[in-house]
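# Architecture and fold: a report
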Amino acid sequence: MLTAETLKAIQIEISSNCNAGCLECARWVNEESKQQLNPKLNFGHKGNFPIELFRNIFQADKLKSLRGLFFDGNYGDSLIHPDALLFMEHMNKEFFTDRNFIIEVNSNGGYKDTTFWYEMGKLFAEMYKLSDNDRESSVVFGLDGIDNETHGIYRRNVVYDKVIENAQAFIKGGGRAEWKYLEFNHNSHQVEQARETAKKLGFEKFFVKSTRWKEAAHRTIEGNKSDQIRASATKKAKAVVIDRIPDSKKDIVEKVRKEMDAYNDYYNEVPVSCYWNFRKRVQIEYDGLVWQCCHLSGVYGSSAGFSKKEYQYYVDKFGTSWNNLHENSLDAILKHEYFNALEDSLSNKMTDKINPRIKRCVEKCAQSEISQHQFFRLNNQHKEKLNDGNNPDAN
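A short tour of the structure in this document, coming up. Please read these numbers as outputs of a predicted model, since none were measured by experiment.

Rules of the game
- Residue numbers restart at each chain and count upward from 1, following the sequence in its written direction.
- Only residues with pLDDT of 70 or above have their local features reported here, since the model is predicted, and side-chain atom pairs are shown and tallied only from 80 upward, although totals for entire chains, interfaces and linings are computed over all residues.
- Only hydrogens and water are set aside when side-chain values are computed; all heavy atoms of the structure are taken into account.
- The helix count covers DSSP runs of H or I at least four residues long, the strand count covers runs of E at least two residues long, and both are numbered beginning at the N terminus.
- Buried means the residue's accessible area, taken with a 1.4 Å probe over protein chains only, is under 20% of the maximum for its type, while exposed means over 50%, and partly exposed covers the values in between.
- Throughout, a contact is declared for two residues whenever any of their heavy atoms are within 4.5 Å.
- Per-residue and other accessible areas follow the Shrake-Rupley method at a 1.4 Å probe size, with only the shown protein chains counted as cover for residues.
- Planes of paired rings set the category: under 30 degrees apart is stacked, over 60 is edge-to-face and the rest tilted, where pairs are Phe, Tyr or Trp rings (Trp by its six-membered ring) whose centres lie within 6.5 Å.
- Two thresholds decide whether a charge sits over a ring: the Lys NZ or Arg CZ must be within 6 Å of the ring centre and within 35 degrees of the ring normal.
- Salt bridge, as used here, is a side-chain nitrogen of Lys or Arg placed within 4 Å of a carboxyl oxygen of Asp or Glu.
- Multiply 1.5 Å by the residue count of a helix minus one, and that product is the helix's expected span.
- Any N or O atom pair separated by 3.5 Å or less is treated as a polar contact, with the protein-specific requirement of one donor-capable and one acceptor-capable atom, and with residues adjacent in sequence counted only for side-chain atom pairs.
- Residues grouped as a nonpolar core are buried Ala, Val, Leu, Ile, Met, Phe, Trp, Tyr and Cys residues, joined through side-chain atoms within 4.5 Å.
- The definitions used throughout rest on a 1 Å grid laid over the protein atoms alone, on which a cavity is an enclosed set of points accommodating a 1.4 Å probe that cannot get out and a pocket is an open set flanked by protein within 12 Å on both sides along at least five of seven lines; lining residues are those having an atom within 4 Å of a point.
- Grid points are joined across faces, edges and corners, and a volume is the space filled by probe spheres set on the points.
- Lys, Arg, Asp and Glu make up the charged group, whereas Ala, Val, Leu, Ile, Met, Phe, Trp, Tyr, Cys and Pro make up the nonpolar group; the residues left over, Gly among them, are polar.

Let us look at the overall build of the protein. A tally of regular secondary structure across the protein gives 16 helices and 13 strands. The buried share of the protein, taken over its 395 residues, is 54%. The long-range share in the protein, meaning contacts at least 24 apart out of those at least 6 apart in sequence, stands at 74%. Here the protein has roughly 17,600 Å² of accessible surface; of this, 46% comes from carbon and sulfur atoms.

Structure, rendered in structure tokens:
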């Protein structure tokens, strides 16, 4: 069982707000052939995590084993929070003075001005002086092309030129920038050019994220054979259909599909091991809810209104407020019996009456005949250093 004192990493989303209209993002729904904000989420002021609550939770004497904080999530872009600089200032003061610590931010980078990003870079430069972890803290910029048109096909409302301008300001301020590339058929031809551009502009790492390719195999076993993303129109964008998987990567999906087909009842038979629990890591959402991982919060949390059938057992058993930081301390939440029930569920079946297995756990943490090494290659971000001459296969 995790406690506040044994927790090693936290992923947090401090805002549900975002300037982007990325396809498939849980903050959006397609209704009446239009892309609209998810009505089950809060936005604006209500979508921002209070800085006072953050300061109360993130105290070094309470989180004695914490070594990493990751700003990422399911709905918003954390640094769009009006107090984003204050969050970083607090972490510098509270955690970087007595231990090696890492902060990673995932951002589309297409909002606020260069002054903000320069100041953020200065705060990261301060982190490097306070810590001995060799400049590991970074901002990961999501860039899916090398021009405005290509980049904006998936990452709607985000202007490539503005992201580059902001990233350069962050680098100039002393921050370490990384380039994350979501590869699709429409932008596969620009991967190598993007890698070279990243190196030229001073990004320290470049990587292609591949998680969505493995997820495509699960849709197939459920009878949905579509490998396309269909998005409705908005005021600024036309309706679009794009290929989910690049042609050059479809062999990966086929390998996963074959291994899934080897089971008579895949969702009930395949071994499951919780990667986040193994890493002593949890997710905190913008609304103060604490989850074992971001995969559960994104499917069974605010955006779904706890309405998924396979999760209803846990709602009926534990309610929906036990993991709310506005009502409970982080330590009390981590010691809640829910986490024992969740761990127990991994060895059960989805049809069990007590602690049934959760579908999302299978989709994200199934340990089939794909080796552990291959599993992590498919599910994690493999980053290529751009300043040491190495060129591993990052795909």
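Still more to cover.
Taken as a whole, this structure holds 25 aromatic pairs when the rule is applied. Between Phe318 and Tyr338, the aromatic rings sit 5.8 Å apart at their centres with planes inclined by 85°, giving edge-to-face as the arrangement. Within this pair, whereas Phe318 is found in helix α12 (residues 312–318), its partner Tyr338 is found in helix α14 (residues 337–345), the two being separated by 20 residues in sequence. The cationic tip of Lys112 hangs over the ring face of Phe116; the distance from NZ or CZ to the ring centre is 4.1 Å. The ring of Phe70 carries Arg281 above its face, with NZ or CZ at 4.2 Å from the centroid.

Oppositely charged side chains can pair when the atoms bearing their charge come close. Scanning the model with the defined rule gives 10 salt bridges in all. Glu5 serves as the salt-bridge partner of Lys64, at 3.6 Å between the closest nitrogen and oxygen. On the criterion of sequence distance, the pair formed by Lys64 in the loop between α1 (51–57) and β4 (68–71) and Glu5 in the segment before β1 (9–12) is long-range, its members being 59 residues apart. Looking at Lys64, the relative accessible area reads 47%, which means it is partly exposed. Glu192 is paired through a salt bridge with Arg195; the nearest N and O atoms lie 2.6 Å apart. One end of the pair is Glu192 and the other is Arg195, both in helix α6 (residues 191–201) and 3 residues apart, which spans about a single turn. Using a relative accessible area of 51% as the deciding quantity, one classes Glu192 as exposed. Looking at Arg195, the relative accessible area reads 7%, which means it is buried. Through salt bridges that share partners, Arg135, Arg176, Glu178 and Glu204 make up one connected network.

Counting through the fold element by element, His151 comes out in helix α4 (residues 148–154). His151 sits in the buried class, given a relative accessible area of 0%.

Attention now goes to helix α3 (residues 114–130). Its 17 residues give α3 an end-to-end C-alpha distance of 25 Å, which sits within 8% of 24 Å, the value for a rise of 1.5 Å per residue. For α3, the complete set of buried residues consists of Phe116, Trp117, Met120, Gly121, Leu123, Phe124, Ala125, Met127 and Tyr128. Tucked into the core, α3 has its buried residues touching α2 (84–95), β5 (102–107), β6 (138–142) and α5 (160–172). The N-cap of α3, judged by a side-chain oxygen 3.2 Å from the amide nitrogen of Thr115 a few residues on, is Asp113.

Time to look at the environment of Asn30. By the element assignment, Asn30 lies in strand β2 (residues 28–31). On the accessibility criterion, Asn30 (45% relative accessible area) is partly exposed. Between the C-alpha atoms of Asn30 and Ala231, which are 201 residues apart in sequence, the distance is 7.3 Å. Not counting residues within four places of it along the chain, the set of residues in contact with Asn30 comprises Gln35, Arg230, Ala231 and Ser232.

Attention now goes to the nonpolar core. Grouped together as the largest cluster of nonpolar side chains are 102 residues, with contacts concentrated most on Ile10, Phe58 and Ile103. At 7 residues, the largest contribution of residues to this core is made by α3. When sequence neighbours within four positions are dropped, the list of residues in contact with Ile103 reads Leu69, Phe71, Met88, Met91, Phe96, Phe124, Met127, Ser137 and Ser138.

Enumeration according to the criterion identifies 3 cavities of 30 Å³ or more in this entry. Taken together, the elements giving at least two residues each to the lining of the largest cavity come down to α11 (294–300) and α15 (359–365). At 4 residues, the largest contribution of residues to the lining of the largest cavity is made by α15. Within the lining of the largest cavity, the residues separate by chemical class into 9 nonpolar, 2 polar and 2 charged.

Before going further, it helps to spend a moment on the side chain of Glu104. Structurally, Glu104 is set in strand β5. A polar contact of 3.3 Å, which involves the side chain of Glu104, links it to the side chain of Asn106.

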